[in-house]
Amino acid sequence: MFGIIRPCSSHSCPTLQRAWRAHLCGLCLTLRDRQGHGARLATNYDGLILSVLTEAQSPAGSPHRTAGPCALRGFRSADVVDARAEGARLAATVSLVLAAGRLRDHVADGDAARGTGPARERLAARWEAAGARMGAGIGFDTAVLTSTVERQLDLEGRPGATLLELTGPTEEAVAAAFAHTAALAGAPGNAAVLAEAGRFFGRIAHLLDAVEDLEDDAARGAFNPLTATGTPPREARRLCEDAAHGLELALRELELADRHLVDVLLGAEVRRAVQRTFGMSYERPGVFRKTAAGVGTLLTCGLWRPRWSRKRNSSCKNRCLLDDCCECCNCCDCDCGS
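Since the structure is predicted, the reported quantities are computational estimates derived from the model, not experimental observations.

Caption draft 1: Representation of the overall build of the protein chain within the structure. Regarding its fold elements, the protein chain presents 14 helices and 2 strands. Counting all 338 residues of the protein chain, 49% fall into the buried class. Restricting to contacts in the protein chain with at least 6 residues of sequence separation, those with at least 24 account for 64%.

And the structure:
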């Protein structure tokens, strides 16, 4: 599985984890039901956001069911989004097409193991065709996704392209997928805002991928947008943080029936992905800052922690200063976000 949104149980509430897993497992099982077991390899952490967005706009249109035991869940059953849900089908469509593009990208870059190139190309073609069929069933034209690779290669071969020009095809593809969730949910008023949110998210995903691949691309002599445009990592981080802020502002304008999971995944988890990719380097706090932070921690019973605290991203129960704090206010059960 690939993607930048990966909420961890160490800092996520149990209710949030169950809700996120319902969409993750729902996407995996939708891929299995629509394209066979092998297609489950295309499960994409970021793709499931489309299922989350669709359900957040129209919960009634996202049926759930109880799935049987799975090895990845410790052989436990779980509540999952049903493969009939159009949001899950859109997520599966996008995941298949993205995975096909990823396979082709590896072949083009020479990353495929010797002799496996033709097999990967055939698998990519099957997944693209399956994604197109599935997309047609929910009114989504996957050409906007498949054309992204060609447009990207064209831009990469064009001298003088700017960094934001290079991220453009990804931004537009994600914008189209995000906006289509409004059509599936019967909320056309959200389409423009979702397209804007999708552009910001696509930019962040593209830039974080470029940063993570920077050293490997340099060693292999492969194209990297940061190297090609002479963009230092600090500037890439600034662009990511600006885009994350724009994404949060766009989310506030959405009309959602249930926004908690959307806000956490596209707000807190996106910020966490940026921090994880670029690393966190803070100046050592002085006496005044330490004192102020101590007061803030006490007043919130430990739920708020300063950014240099080792417990900042831990679970609510680990942050609470009193053993019965969470039982008293139910803060960990779970509208606290993270």
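Caption draft 2: Just the layout of surface pockets, in detail. Approximately 1500 Å³ is the volume found for the largest pocket. Around the largest pocket sit 50 residues that line it, and Arg102, Asp105, Thr170, His206 and Asp209 are the ones nearest its centre. Those elements that provide at least two residues to the lining of the largest pocket are helix H3 (86-109), helix H5 (143-156), helix H6 (163-185), helix H7 (191-212), helix H8 (214-220) and helix H11 (260-278). Counting residues per element, the lining of the largest pocket draws most heavily on H3, at 10 residues. Of the residues that constitute the lining of the largest pocket, the class distribution is 22 nonpolar, 12 polar and 16 charged. By volume, the second largest pocket amounts to about 420 Å³.

Caption draft 3: Layout of the confidence of the model for the protein chain. Counting all residues, the mean pLDDT for the protein chain is 86, and 85% of those residues have values of 70 or more. Within the protein chain, helix H14 (residues 325-329) has the poorest average pLDDT of any element, 51, and helix H2 (residues 48-57) the best, 97. Contacts from residues 334-338, a stretch scored under 50 in pLDDT, to residues over four places away or in other chains number 17 contacts.

Caption draft 4: Quick look at the packing of H6 against H7. Two elements in contact, H6 and H7, have axes separated by 6 Å at closest approach and are oriented at 140°. Put simply, H6 runs oblique to H7. Seen from above, H6 lies across H7 with right-handed handedness. The residues of H7 that touch H6, namely those facing Leu163, Leu164, Leu166, Thr167, Thr170, Glu171, Val174, Ala175, Phe178, Ala179, Thr181 and Ala182, are Ala191, Leu194, Ala195, Ala197, Gly198, Arg199, Phe201, Gly202, Arg203, His206 and Leu207. The residue makeup of the contact of H6 with H7, split by class, is 14 nonpolar, 6 polar and 3 charged.

Caption draft 5: Fine view of the state of the cysteines. Under the definition given, this model contains 0 disulfides. As a non-bridged cysteine, cysteine 25 has cysteine 70 as the owner of its nearest cysteine sulfur, 6.4 Å distant. Here cysteine 28 stays free of any disulfide, with the sulfur of cysteine 70 as its closest cysteine sulfur at 6.6 Å.

Caption draft 6: Structural view of the pairing of strand E1 (residues 64-70). Sheet analysis places E1 next to strand E2 (residues 76-81), joined by 5 bridges and oriented antiparallel. Its bridge partner lying in E2, histidine 64 is registered against valine 81. Once E1 ends, the chain turns through 5 residues before running back antiparallel as E2, passing glycine 74 with a positive phi of about 70°.

Caption draft 7: Highlighting the side chain of glutamine 152. Examined against the element boundaries, glutamine 152 turns out to sit in helix H5. For glutamine 152, the side chain forms a polar contact with the main-chain oxygen of leucine 166, separated by 2.7 Å. Every residue in contact with glutamine 152, bar those within four places of it in the chain, is listed here: Leu166, Pro169, Thr170 and His206.

Caption draft 8: Unusual backbone geometry, seen in detail. Backbone geometry places phenylalanine 75, a non-glycine residue, at a positive phi of 55°. Examined against the element boundaries, phenylalanine 75 turns out to sit in the loop between E1 and E2. Overall, the relative accessible area of 63% leaves phenylalanine 75 in the exposed class.

Caption draft 9: Structural view of the pattern of salt bridges. Per the counting criterion, the structure on display carries 15 salt bridges. Its salt-bridge partner being aspartate 263, residue arginine 259 comes within 3.0 Å of it at the nearest N-O pair. When salt bridges with common partners are traced through the structure, they connect Arg65, Asp82 and Arg84 into a single cluster.

Caption draft 10: Structural detail: the packing of aromatic side chains. A full pass over the atoms with the stated rule returns 2 aromatic pairs. A ring pair is formed by phenylalanine 178 and phenylalanine 201, whose centres lie 5.9 Å apart and whose planes are at 25°; its orientation type is stacked. In this pair, phenylalanine 178 is assigned in helix H6 and phenylalanine 201 in helix H7, connecting sequence segments 23 residues apart. We classify phenylalanine 201 as buried; its relative accessible area is 4%.

Caption draft 11: A look at the nonpolar core. In terms of nonpolar packing, the biggest core is built from 71 residues, with Phe178, Phe201 and Leu266 touching the most fellow members. The set of elements that each furnish at least two residues to this core consists of helix H1 (14-35), H2, H3, helix H4 (117-137), H6, H7, helix H10 (233-252) and H11. Sorting elements by how many residues they give to this core places H7 first, with 11 residues. Setting aside anything within four residues of it in sequence, one finds phenylalanine 178 in contact with Ile49, Leu50, Leu53, Leu194, Ala197, Gly198, Phe201 and Leu266.

Caption draft 12: A look at H4. Helix length check: H4, at 21 residues, gives a terminal C-alpha distance of 31 Å against a target of 30 Å (1.5 Å per residue), a fit within 8%. Where H4 terminates, the next one or two residues include glycine 139, which has phi positive at roughly 75°.

Caption draft 13: Examining the packing of H2 against H6 more closely. Close contact between H2 and H6 brings their axes to 9 Å; oriented N to C, the two are set at 35°. Classified by chirality, the crossing of H6 by H2 is right-handed. Of H6, the residues touching H2 (which contributes Ile49, Leu50, Leu53, Thr54 and Gln57) are Ala177, Phe178, Thr181, Ala182, Leu184 and Ala185. For the contact of H2 with H6, the class distribution of residues is 8 nonpolar, 3 polar and no charged.

Thresholds, definitions, all that
Counting starts from 1 at the beginning of each chain's written sequence and moves along it residue by residue. Local features in this predicted model are restricted to residues whose pLDDT is 70 or higher, and side-chain atom pairs enter the listing and the counts only when it is 80 or higher, whereas totals over whole chains, interfaces and linings include all residues. Here the side-chain values reflect all heavy atoms present in the structure, with hydrogen atoms and water set aside. Under the scheme used here, helices are H or I runs from DSSP no shorter than 4 residues and strands are E runs no shorter than 2 residues, and both carry numbers assigned from the N terminus. For every residue, the accessible area (1.4 Å probe, protein chains only) is compared with the maximum for its type, and the residue is labelled buried under 20%, exposed over 50%, or partly exposed between those bounds. Here, residues are in contact when the closest pair of their heavy atoms is within 4.5 Å. Within this scheme a cavity is a closed region of a 1 Å grid, computed over the protein atoms alone, that accommodates a 1.4 Å probe without allowing it to escape, whereas a pocket is open but has protein on both sides within 12 Å along at least five of seven lines; lining residues each have an atom within 4 Å of a point. Grid points are joined across faces, edges and corners, and a volume is the space filled by probe spheres set on the points. Asp, Glu, Lys and Arg are counted as charged, while Ala, Val, Leu, Ile, Met, Phe, Trp, Tyr, Cys and Pro are counted as nonpolar; the rest, among them Gly, fall into the polar class. For every residue, the pLDDT score states the predictor's confidence, bounded by 0 at the bottom and 100 at the top. Interaxial angles span 0 to 180 degrees and are taken between N-to-C directions of axes, which are lines fitted to C-alpha atoms, for helices over the stretch in contact. When describing relative orientation, an angle under 35 degrees is termed roughly parallel and one over 145 degrees roughly antiparallel, while 65 to 115 degrees is termed roughly perpendicular and anything else oblique. Left-handed is the label given to a crossing in which the near helix is rotated counterclockwise from the far helix by less than a right angle, and right-handed is the label when the rotation is clockwise. We call a pair of cysteine sulfur atoms a disulfide when they lie within 2.5 Å. Note: two strands are recorded as paired if DSSP finds a minimum of 2 bridges between them. By the criterion applied in these results, polar contacts are pairs of N or O atoms within 3.5 Å in which, for protein atoms, one can donate a hydrogen and the other can accept it, and in which residues neighboring in sequence qualify only through two side-chain atoms. The salt bridge definition used is simple: a Lys or Arg side-chain nitrogen within 4 Å of an Asp or Glu carboxyl oxygen. What counts as a ring pair is set by centres within 6.5 Å for rings of Phe, Tyr and Trp (its six-membered ring), and what kind of pair is set by the plane angle: stacked under 30 degrees, edge-to-face over 60, tilted for all other angles. As used here, the term nonpolar core means buried Ala, Val, Leu, Ile, Met, Phe, Trp, Tyr and Cys residues forming a set that is joined through side-chain atoms within 4.5 Å. One less than the residue count of a helix, multiplied by 1.5 Å, gives the span that helix is expected to have.

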